[in-house]
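Here is what each chain is made of, one letter per residue.
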Amino acid sequence: MTRSLDLPLQRELAPLRWSRFHVLGCCSIYFEEASLKHLRKGPFSVLLLILVATVMLTGCMPRGAMTNPGWTVVAAEGDVVYAALATGQVVALDAANQGAELWTYPKAQAQASGGLGSLFTKRTTETTDKVLDAVYGIPALTDSLVLVASYNHNLYAFDRASGQVKWGPFSAGEAIIGGATVRDDVAYFGSSDHHVYAVDVNTGEPVWDQPFETGHWVWGAPAVDDERVYFGSMDRHVYAVDRKTGEQVWKQAVGGSVPGTVTLSDGLLFVGGVDKKVHALDKTNGQERWSLDLGHWVWGEALVVDDTVYVSALDGRVFALDVADGSPRWPEPTALGATVRAGPALLNESLIVGTELGTLYKIDTKSGEKTLFFTAEGAVLSTPAIVGEMVYVGAA
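Keep in mind that what you see is a predicted model, and the values were worked out from it rather than measured.

Q: Give a description of the overall build of the protein chain that names residues and reports values.
A: The helix and strand tally for the protein chain stands at 0 helices and 36 strands. Put simply, the protein chain has 396 residues, and 56% of those count as buried. A sequence separation of at least 24 residues applies to 45% of the contacts in the protein chain between residues at least 6 apart. Only carbon and sulfur atoms are counted for the fraction: they give 47% of the accessible area of the protein chain, which is about 16,700 Å².

Here you go:
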């Protein structure tokens, strides 16, 4: 694992950049000497957001500087993009208006400077709100909230319309590395205190009598269905617990620590780990259906499309595997030539995958053929958000 992926991550700050690309038919357009060719036949447009760590959107650092720079992680719904920046700020941007700021947390307030000068000038002061510490997990969206988990042990609930903190924050015992997963108004998330929590998103109160305890850190966001919560731990096990009570249903050993999010699809859990394997487990009892050695650590979340599971290894190779038995679907893995931390996203019939070098690729889901899509100014360490034909990417 490269040094730049160690926690906390150290990243230089660079300006925020917003770019919009209209691609029509077979035309190509260019931005900073990067060629963006059409993604498929027929007219459509792609809005590509590159969010890079910034001192502050308004030009000054918010009150209470963060201790650990994080990643820039994004979620999107409709025309609004929600992002936690590597500076510890949380922002909402209007995708329909060239990324115009809708709100920022924390925000500056203009106040009179006092005395005669106050008649003509104002000075900017900060609220008592402080920036979050490092954020590594993608924000979770509900109908009214943006949930952001931080390295400072806290889960924050922001109003989607205003950015105001609605409750809490809810505090875990140690750092929260992964994001939260929400189902039926309950947020489920793990912590470096070895526990998994269930919190009512309406009140910020715990749902279980006590958090579920594992043998080590829990860094990935859980997968959740109607009955259970599934997650991996750095103790080399995958767990299933009752969604209502938090009691253990089963526990399955795998060959190595599980730093990432597990994927649930059609009764199977797909789990990657530092044992260099991807495992397919039966969700009912945890029994392994198959596993495959990918030759390097697997941290990013797997993506299942129909009968194929797509998964990346940390050495930059992307695999397409048969869901039923793990057999390869491509003649060979697609090598991107740089570290791939996050899992792929799906845009039409292409995967969108980012690398630590800032390169963003689209990969044909059928053939594995790759095309350089964009090159950002910072590392792409989280999965892009895609809404329709729009691609949103955070670069740390």
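Q: Provide a residue-level description of the pairing of strand 14 (residues 165-171), including the pertinent values.
A: Here strand 13 (residues 154-159) pairs with strand 14 via 4 bridges, running antiparallel. Residue pairing in the sheet places Phe158 in a bridge with Val165 of strand 14. Counting the residues that bridge the hairpin from strand 13 to strand 14 gives 5 residues, and of these Gly163 lies at a positive phi of roughly 85°.

Q: Quick one: what's the story with the sheet that holds strand 8 (residues 100-105), residue by residue and with numbers?
A: Strand pairing within a sheet occurs via backbone hydrogen bonds; the two strands may be parallel or antiparallel. Read across the open sheet, the 4 strands follow the order 5-6-7-8; overall the sheet is antiparallel. Each edge of the open sheet carries a strand with a single partner, namely strand 5 (73-77) and strand 8. Across the sheet, the mean angle separating the axes of adjacent strands is 20° when strand polarity is ignored. Summarising the sheet, strand 6 (residues 80-84) and strand 7 (residues 90-94) pair through 5 bridges and their orientation is antiparallel. Bridge pairing in strand 7 links Tyr82 to Ala92.

Q: Please set out the environment of Leu357 residue by residue, giving values where relevant.
A: Residue position: Leu357 is located in the loop between strand 32 (350-354) and strand 33 (359-364). Leu357 sits 23 residues away from Val380 along the chain, and the two C-alpha atoms are 7.3 Å apart. Residues within four places of Leu357 in sequence aside, it is in contact with Gly337, Ala338 and Ala376.

Q: Which residues make up the pattern of salt bridges, and what are the values?
A: Scanning the entire structure with this criterion turns up 8 salt bridges. Residue Asp184 is joined to Arg243 by a salt bridge in which the shortest nitrogen-to-oxygen separation is 2.9 Å. Of this pair, Asp184 sits in the loop between strand 15 (181-183) and strand 16 (186-190) while Arg243 sits in the loop between strand 21 (237-242) and strand 22 (248-253), and the two are 59 residues apart along the sequence. Overall, Arg243 belongs to the buried group, its relative accessible area being 9%. The shortest N-O distance in the salt bridge between Asp225 and Lys283 comes to 3.0 Å. One end of the pair, Asp225, is in the loop between strand 19 (223-224) and strand 20 (228-232); the other, Lys283, is in the loop between strand 25 (277-282) and strand 26 (288-293), and 58 residues separate them in sequence. Overlapping salt bridges, with partners in common, bring together Asp307, Asp322 and Arg329 in one network.

Q: Outline the layout of surface pockets, supporting the account with residue identities and numerical values.
A: Taken as a whole, the largest pocket holds about 960 Å³ of empty space. Among the elements of the structure, strand 5, strand 11 (140-141), strand 15, strand 19, strand 23 (263-265), strand 31 (345-347) and strand 35 (385-387) are those that each provide at least two residues to the lining of the largest pocket. No other element matches strand 5, which puts 3 residues into the lining of the largest pocket. Considered class by class, the residues forming the lining of the largest pocket number 30 nonpolar, 12 polar and 2 charged.

Q: I'd love a proper account of empty space enclosed by the protein, names of residues and values included.
A: By the definition in use, this model includes 3 cavities of 30 Å³ or more. If you go around the largest cavity, you meet 14 residues; those closest to its centre are Thr261, Phe270, Val271, Gly272 and Gly300. Considered class by class, the residues forming the lining of the largest cavity number 9 nonpolar, 4 polar and 1 charged.

Q: So what's going on with unusual backbone geometry? Which residues, and what values?
A: Backbone phi values are negative for most residues with the exception of glycine, while trans is the configuration of most peptide bonds. The omega torsion across Tyr105 and Pro106 is -10°, close enough to zero to call that bond cis. When you line up the elements, Pro106 lands in the loop between strand 8 and strand 9 (108-112). Here the bond from Gly168 into Pro169 is cis, since omega is 15°, no more than 30 degrees from zero.

Q: Give me the sheet that holds strand 13: which residues, what numbers.
A: With respect to topology, 4 strands assemble into an open sheet ordered 11-12-13-14, the strand pairing being antiparallel. Whereas interior strands pair on both sides, the edge strands pair on one side only; in this sheet they are strand 11 and strand 14. Pairing of strand 11 with strand 12 (residues 145-149) involves 2 bridges; the strand directions are antiparallel. Pairing of Leu141 across the sheet is with Val146, part of strand 12.

Q: Just give me the short version of the nonpolar core, but keep the residues and values in it.
A: Within the largest apolar cluster, 25 residues are counted, with the highest numbers of intra-cluster contacts made by Trp71, Val90, Trp103, Leu132, Val148 and Phe158. The set of elements that each furnish at least two residues to this core consists of strand 6, strand 7, strand 8, strand 12 and strand 13. Leaving out residues up to four positions away in the same chain, Phe158 has contacts with Val90, Trp103, Tyr105, Leu132, Ser144, Leu145, Val146, Val148, Gly163, Gln164, Val165 and Lys166. Of all hydrophobic cores here, the second largest spans 16 residues; its members include Leu155, Trp167, Ile176 and Phe189.

What counts, and where the lines are drawn
- Residues numbered from 1 in each chain as written.
- Predicted model: local features only at pLDDT ≥ 70, side-chain atom pairs only at ≥ 80, totals over all residues.
- Heavy atoms only, no water.
- Helix = DSSP H or I, 4+ residues; strand = E, 2+ residues; numbered from the N terminus.
- Buried < 20%, exposed > 50% of the residue type's maximum accessible area, 1.4 Å probe, protein only.
- Contact = heavy atoms within 4.5 Å.
- Areas by Shrake-Rupley, 256 points an atom, 1.4 Å probe, with all protein chains shown as cover.
- Pairing = 2+ DSSP bridges.
- Axes fitted to C-alpha atoms, helices over the stretch in contact; angles between N-to-C directions.
- Salt bridge = Lys/Arg side-chain N within 4 Å of Asp/Glu carboxyl O.
- 1 Å grid on protein atoms, 1.4 Å probe; cavity = no way out; pocket = protein on both sides within 12 Å on 5 of 7 lines; lining within 4 Å.
- Points joined across faces, edges and corners; volume = space filled by probe spheres on them.
- Nonpolar A, V, L, I, M, F, W, Y, C, P; charged D, E, K, R; others polar.
- Core = buried A, V, L, I, M, F, W, Y, C linked by side-chain atoms within 4.5 Å.

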